[in-house]
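The chain contents come next:
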Amino acid sequence: MASAMSMKASPVHPPKITTVKALVESTGSSSIPSFYNFTPYLRDEPIAGDAEDPVPIIDISLLVSGTPEQQSQTIHQLSKACSDWGCFLVINHDVTESLTKAMIASFQEFFDLPEEEKKEYQGNHVMDPIRCGTGFNPSMDKANYWRDFLKCFAHPEFHTPNKPAGFSEIALEFSKRNREVVTVLLKAISKSLGLEESYINKAANFELGLQLLAANYYPACPEPEKAIGIPAHYDHGLLTTLVNNGVSGLQVKHKEKWFNVNIPANVLFVQVADHLEILSNGKYKSIAHRALVNNKATRMSIALAHGPALDTVMMPAPELVGNESDQPAYVEMTYREFLELQQTGRLSSKFRSDTEQSKAV
Ligand code: OGA
Ligand code: NI
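Below is a summary of the structure that appears in this document.

Basis of the calculations
Residues numbered from 1 in each chain as written. Chains lettered and ligands numbered in written order. Predicted model: local features only at pLDDT ≥ 70, side-chain atom pairs only at ≥ 80, totals over all residues. Heavy atoms only, no water. Helix = DSSP H or I, 4+ residues; strand = E, 2+ residues; numbered from the N terminus. Buried < 20%, exposed > 50% of the residue type's maximum accessible area, 1.4 Å probe, protein only. Contact = heavy atoms within 4.5 Å. Pairing = 2+ DSSP bridges. Axes fitted to C-alpha atoms, helices over the stretch in contact; angles between N-to-C directions. Parallel < 35°, antiparallel > 145°, perpendicular 65-115°, else oblique. Left-handed = near helix turned anticlockwise from the far one by under 90°. Nonpolar A, V, L, I, M, F, W, Y, C, P; charged D, E, K, R; others polar.

Concerning the environment of Leu-279
You can see Leu-279 is positioned in helix H10 (residues 274-279). For Leu-279, a relative accessible area of 1% gives the class buried. Distance in space between the C-alpha atoms of Leu-279 and Ala-203 is 8.4 Å, their sequence separation being 76 residues. With residues up to four places along the chain from it excluded, the contact list for Leu-279 reads Tyr-199, Ile-200, Ala-203, Leu-238, Met-314, Met-315, Pro-316, Ala-317 and Leu-320.

What about the sheet that holds strand S11 (residues 289-291)?
Taking strand neighbours across the sheet as the criterion, the four strands line up as S6-S11-S8-S9 in an open arrangement whose pairing is antiparallel. Only two strands of the sheet have a single partner each, and these edge strands are strand S6 (230-233) and strand S9 (257-260). Going from strand to strand, the sheet's axes swing by 20° on average, the running direction of each strand aside. As defined by bridge partners, S6 adjoins S11 across two bridges and the pair is classed as antiparallel. If you follow His-233 over to S11, its bridge partner there is His-289.

Points about the packing of helix H6 (residues 97-111) against helix H8 (residues 167-192)
Remark: H6 packs on H8, axes separated minimally by 9 Å, with the N-to-C direction vectors making an angle of 135°. Here H6 lies oblique to H8, going by the angle between them. Pair H6 / H8 crosses with left-handed handedness. Seen from H6, the contacting residues are Leu-99, Thr-100, Ala-102, Met-103, Ser-106, Phe-107 and Phe-110; seen from H8, they are Phe-167, Ile-170, Ala-171, Glu-173, Phe-174 and Arg-177. Of the residues that constitute the contact of H6 with H8, the class distribution is nine nonpolar, two polar and two charged.

Right under this line is the structure:
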């Protein structure tokens, strides 16, 4: 029986490559294998150039040490940024340029490890604290994405690979500094919603919040217009902070158009993610975004998803619902349940009361 089974013609599978990096380095080809082809998907969408209406900029130093007037102005800007865009750039924060550079260099060293060594970290489940791989969600995807990744849980427990040397220390410092930025932002965002400063921190049990450190590695691609780094999706935490290596590729969907986002060195890009949408009962919506690739340079980005505690039940803040026009628009569930449902692809019907299009991780 077993041998008869193995004689059957097998469906066309991608060759057994473990990373896009290895594929690019081994073939040096001028075209991409067809299972990386996303062209029809890209053509669907209008592409806008840089925004004439630029991504909002928030000076976080004014929230920390500004006059009461500067603080309330900044909270107002933050409220507009979250409701009009769902993303913003943060300046004057404490994630120093040298720390970001060191973090990117360390991730580069990780991706440069021999494929065999990286395999040790190949987790399969969304709850594995360290996961390295390629594509996006291997159990569900029909095609591959032009992207390798390493994801580690950084909080409440800190996990990282034990190589390359120094990686762990830099990753810990980088994660902590980003978390401090988010702590300040969540206080200001709570106030912008008319809630007390510590509201989100308490409602999400942020002291035990899950923080996921994710590095994306997008090798230069010989046919960038056919491939996609990460297709359109929403992030699942409360807020995501993101930096890159100076090579652009991130786009956000704003007013039904895709906008390129350039993230200068020393600036953090911040996105509203699903759990802030849930908590604010849709006042602040998570933003759709995607990553394109190019044929000139490898792009690296580092995203930190800052989420609620895994076992805290998340729901719209009761203070923001109540009257007829403001019914709770999201069902209650824990962050863990949300992540697990998302993995099975059954989230959309549970996440929203209406039938909005499904969301990928
Ligand atoms: C992500 C993501 C975008 C980028 O990791 O969730 O959206 O620019 N990354 O790499
Ligand atoms: Ni994302």
